[in-house]
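Residues per chain are reported as follows:
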Amino acid sequence: GQVEVYSDSLLPAIRSALTDSDPDVRTAAAGTFAALHNVLGTKALDEILSPLLAAMETLEGEEHDYLIGALQEIMQAKSKVVLPYMVPKLVQKPVNIGALASLSSVAGTALYEHLDTIITAILEGLCEVEEGEVEKELEHANLIISSIKELDGHENTLEILEEMLKSEEVKMRLYSSILIGTLCKNTHLEIEEHITVLWKCLLSQFSDPDKEVVKNCWTAFNTATKRLSSGDQVRLVPDLKMSIYLAIDPKKRRDPTYTLPGFCLPKGLATVVALYREGILNGSPELKEQAIIGMKEAIQYTDQPALKPSVVQITGPLIRVLGERYTPNIKTACLDTLSLLIDKVKVALKPFLSQLQTTFMKSLNDGTREVREKGVTALTKLVSLHNRVDNLFTDVHSGTKNENLSTRETMFAALQGTMFIGGTNMSANLALSISVTLSNHLGAPEDSIRTANGACIGSLATFFDEQELDKLIREKILIPGQSKEIRHGQALAIAGLLQYASTRMSKMDLIEDLTTTLLKFMDSDNVQLCNAANYAAGRLIIHLQGSDENAECLSKVVNLLAKNCGHSSSNDVRSFATNMVHMVNIAGVEPLSDNMVKCLMVPLLDSTTKKIPIVRSSSEVAIATLLRLKSTEDIANRLSATLDPKSLEIFNRFLPTAKRVAAENKTYTSHENNIFSFLPPV
């Protein structure tokens, strides 16, 4: 009881001693305070701490420093009691971030219970600080984050900052992003424990509307990721891939033009590339595949300037993996990724040209079809980087003579794509030599070779010497073929010429002669020949529609296509011809004339009454697109005034179905019955 009696004179003395200029006196006073508190409890806090905290506002210079020193001494002695008392007072506005920083640095684990209150107050305080004071107050705030040394504290801090990073207020996000960066540098932070949470919250702000927030999150992401051991980097490949996926707005995932602003900063992709590179070179086969696909997705969301510095880091490992014996999945992933990279950075890949050419050529001989197809696509893209293309074309050309059928098919497909993109740089002698090979394969025994060969002739026609091309067409394609294979090959060649080189055919005045031969083929009893000719007819209509030339050819071809849409003996011909009507009308050309629409409509309406599902469904789709019902009913209204009674009755009954089909959008996908659809898209 003695202490209580003398407390009124003791407390002011201790209060005074706590701010003494002599550190030893201050330390002794802190010890006495602790002892007093054991006896007096709250009274000691009220009478000593309250006045000290109040004095903080007015004291300056050395006296202020002594006071902070005194509070630190008390904190060390009694943090569990003192913090709950001081925190509510220190977080009152205006928030004293400096004092909070000084006390946090000595508070130890007692601080963690109050992190939510303290960090929220700091962030709110920073948002209200005047411009000139921000840097100093940020230093204080960073001190608090750096003083957190235990797992629990790190978890709480991250949780709070992650929440604040989603704030509507720009300043709140800005300062949260800076403090997360500080946390990522904290050497006590066990980075591998928190990395996936960090990735998710930081990457999600890579598209923040504020550029500074993006920059800070990118810096924090780099700091954290670089702290991982290489083993952890490999293990965490799927987590990074998922975090990037979640960071992309679902509406934009399928948009090939969308880029993630955080990846488009200078060297924005470097850290992601480095981690995936570890996975590609040192991961298990499963992780290798994940890392390659992840790399492709990251490339997809990055613009050209930001990608360029990483080209070597990306390309080297992919070429290396393609040179070794891995599963087809891994190879196709590599080829897909390299194809996308060529699209994105173009000439920046010039230094790798010969390595890539060798690698892609090797994939054309792979045992798996999908690897070969991806190789064709990649090689087709690569040719655009070449100035001297002859050695590439020579390799592909000699591959068309390979004994293995699937390799041969692949080489023809590669020849078609590469000639279409890069044939203009080919030497005249080589083009002549290739033209001989192609004319020799018009009657090849295999359908697939004949089809690809027809498309190759179309690609060759885009750049081949005019006299030689005229001779090839007149002497090999327009003359009556001696066997059904040759006639089929000729029809496919006409289809190729009209799909890939139709403008040149017009300039060379070949449209009439091609149409004459085509009409004979369209009227053939051979289903395969008739369908190849129907396809060529579709291509011819697309070319002629909207130009005044060759109106007679257009009319003849439409009439014969209409006849095939109602083919009496073959449902195959009937549904294929019907699909061509669909193909023509989704190709972006002007609607056909009313007479032509009527000519096609009569057999199409008849087909809607047939029991064969493929005939019925293809005619429904063709009518919906022929009448352009998705955008107008004018054509349908004009048509109904001209139909014969039987057709009109079917038309009126069927029109609601056609409108429904038009609304279903399947009418506007590109058409599956493109006979060249297995070739690279050029």
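Scroll up a little and you will see the structure.
What this report covers is the structure whose coordinates are included nearby. (Residues numbered from 1 in each chain as written. Predicted model: local features only at pLDDT ≥ 70, side-chain atom pairs only at ≥ 80, totals over all residues. Heavy atoms only, no water.)

Moving on to the overall build of the protein chain. Summing up its helical and strand segments, the protein chain has 35 helices and zero strands in all. Structurally, the protein chain occupies a C-alpha span of about 125 × 60 × 40 Å along its principal axes. Considering only contacts in the protein chain between residues 6 or more positions apart, those separated by 24 or more positions represent 74%. Summed over all atoms, the accessible surface of the protein chain reaches about 30100 Å², with 49% contributed by carbon and sulfur. (Helix = DSSP H or I, 4+ residues; strand = E, 2+ residues; numbered from the N terminus. Contact = heavy atoms within 4.5 Å. Areas by Shrake-Rupley, 256 points an atom, 1.4 Å probe, with all protein chains shown as cover.)

Okay, a negative patch on the surface next. Taken together, the side chains of D116, E155, E159, E190, E192 and E193 make up a negatively charged region of the molecular surface. Breaking the negative patch down by element, the ones donating at least two residues are α8 (151–164) and α10 (191–203). By secondary structure assignment, the location of E193 is in helix α10. You can call E193 partly exposed: its relative accessible area is 48%. (Patch = residues over 30% accessible without salt bridge, like charges linked within 9 Å, V, L, I, M, F, W, Y side chains within 5 Å. Salt bridge = Lys/Arg side-chain N within 4 Å of Asp/Glu carboxyl O. Lys, Arg positive; Asp, Glu negative; His and termini not counted. Charge placed at Lys NZ, Arg CZ, Asp CG, Glu CD. Buried < 20%, exposed > 50% of the residue type's maximum accessible area, 1.4 Å probe, protein only.)

A word on the packing of aromatic side chains. As enumerated under the stated definition, the model contains five aromatic pairs in all. Considering the side-chain rings of F206 and F221, the 5.7 Å spacing of their centres and the 75 degrees angle between planes classify their relative orientation as edge-to-face. Here F221 lies in helix α11 (residues 211–226) and F206 lies in the loop between α10 and α11, a separation of 15 residues in the sequence. Side by side, F206 and F221 carry an identical accessibility label, which is buried. Summarising the aromatic geometry, the rings of Y258 and Y301 are spaced 6.2 Å apart at their centres and angled 65 degrees between planes, so their arrangement reads as edge-to-face. Note that Y258 is positioned in the loop between α13 (237–247) and α14 (270–282) and Y301 in the loop between α15 (285–300) and α16 (304–307), a separation of 43 residues in sequence. (Phe/Tyr/Trp six-rings, centres within 6.5 Å; stacked < 30°, edge-to-face > 60°.)

Before going further, it helps to examine the pattern of salt bridges. Per the counting criterion, the structure on display carries 25 salt bridges. Measuring nitrogen to oxygen at the nearest pair gives 3.1 Å for the salt bridge that ties E446 to R408. In this pair, E446 is assigned in the loop between α23 (428–440) and α24 (447–460) and R408 in helix α22 (residues 405–422), connecting sequence segments 38 residues apart. Judged by relative accessible area, E446 falls into the partly exposed class, the value being 21%. Assessed through its relative accessible area of 14%, R408 is described here as buried. The salt bridge involving R474 is made with D513; its shortest N-O contact spans 2.8 Å. Of this pair, R474 sits in helix α25 (residues 466–477) while D513 is found in helix α28 (residues 511–522), placing the two residues 39 residues apart along the sequence. Three or more residues joined by partner-sharing salt bridges are found here, namely D470, R474 and D513.

This part covers unusual backbone geometry. Despite not being glycine, D509 shows a phi value in the positive range, around 55 degrees. Mapped onto the fold, D509 is located in the loop between α27 (502–507) and α28. One non-glycine residue with positive phi stands out, namely N550, at about 50 degrees. One can find N550 in the loop between α29 (527–544) and α30 (551–565).

Our next topic: the side chain of T608. Within the secondary structure, T608 sits in the loop between α32 (594–607) and α33 (613–626). For T608, a relative accessible area of 12% corresponds to the buried category. A distance of 2.5 Å separates a polar atom in the side chain of T608 from the backbone oxygen of L605. (Polar contact = N/O pair within 3.5 Å; in protein donor to acceptor, adjacent residues only side chain to side chain.)

Together, M242, Y245 and L246 make up a nonpolar patch on the protein surface, roughly 300 Å² of accessible area in all. Relative to the assigned elements, M242 resides in helix α13. A relative accessible area of 42% places M242 in the partly exposed class.

This paragraph deals with the packing of helix α31 (residues 571–585) against α33. Two elements in contact, α31 and α33, have axes separated by 8 Å at closest approach and are oriented at 20 degrees. On the basis of the axis angle, α31 is roughly parallel to α33. The handedness of the crossing between α31 and α33 is left-handed. Taken together, the residues of α33 that come into contact with α31 (itself represented by N571, R574, S575, T578, N579, V581, H582 and N585) are I614, V615, S618, S619, V621, A622, T625 and L626. Among the residues forming the contact of α31 with α33, the class breakdown is six nonpolar, nine polar and one charged. (Axes fitted to C-alpha atoms, helices over the stretch in contact; angles between N-to-C directions. Parallel < 35°, antiparallel > 145°, perpendicular 65-115°, else oblique. Left-handed = near helix turned anticlockwise from the far one by under 90°. Nonpolar A, V, L, I, M, F, W, Y, C, P; charged D, E, K, R; others polar.)

Right, let's get into the nonpolar core. Counting residues in each nonpolar core, the largest one holds 234 residues, and the members touching the most others are F263, M419, M505 and L627. The element that contributes the greatest number of residues to this core is helix α4 (residues 61–90), accounting for 12 residues. Apart from residues lying up to four places away in sequence, L627 is in contact with V597, M601, T632, I635, A636, L639, F651 and L655. (Core = buried A, V, L, I, M, F, W, Y, C linked by side-chain atoms within 4.5 Å.)

With that settled, consider the layout of surface pockets. Volume-wise, the largest pocket comes out at about 480 Å³. Surrounding the largest pocket, 20 residues form its lining, V95, N96, G98, K136 and E137 being those nearest its centre. Within the residue set of the lining of the largest pocket, elements represented by two or more residues are α5 (97–107), α6 (115–128) and α7 (134–146). Across the lining of the largest pocket, the residue classes break down as six nonpolar, seven polar and seven charged. (1 Å grid on protein atoms, 1.4 Å probe; cavity = no way out; pocket = protein on both sides within 12 Å on 5 of 7 lines; lining within 4 Å. Points joined across faces, edges and corners; volume = space filled by probe spheres on them.)

What follows concerns the packing of helix α2 (residues 23–40) against helix α3 (residues 42–56). Between α2 and α3, the least distance of the axes is 6 Å, while the angle of their chain directions is 135 degrees. Here α2 is positioned oblique relative to α3, judged by the angle of their axes. For the pair formed by α2 and α3, the contact residues are F33, H37 and L40 on the first element and T42, K43, A44, L45, I48 and L49 on the second. Split by residue class, the contact of α2 with α3 holds six nonpolar, two polar and one charged.

Moving on to the environment of P317. Note that P317 resides in helix α17 (residues 311–322). Spatially, the C-alpha atoms of P317 and E124 are 47 Å apart, while their sequence positions differ by 193 residues. Apart from the residues lying within four places of it in its own chain, the contact partners of P317 are R277, I280, L281 and V312.

Evaluated as defined, the whole model comprises zero disulfides. A disulfide-free cysteine, C184 has its sulfur positioned 7.8 Å from the sulfur of C201, the nearest such atom. Left unpaired, C553 is separated from the closest cysteine sulfur, that of C599, by 16 Å. (Disulfide = S-S within 2.5 Å.)

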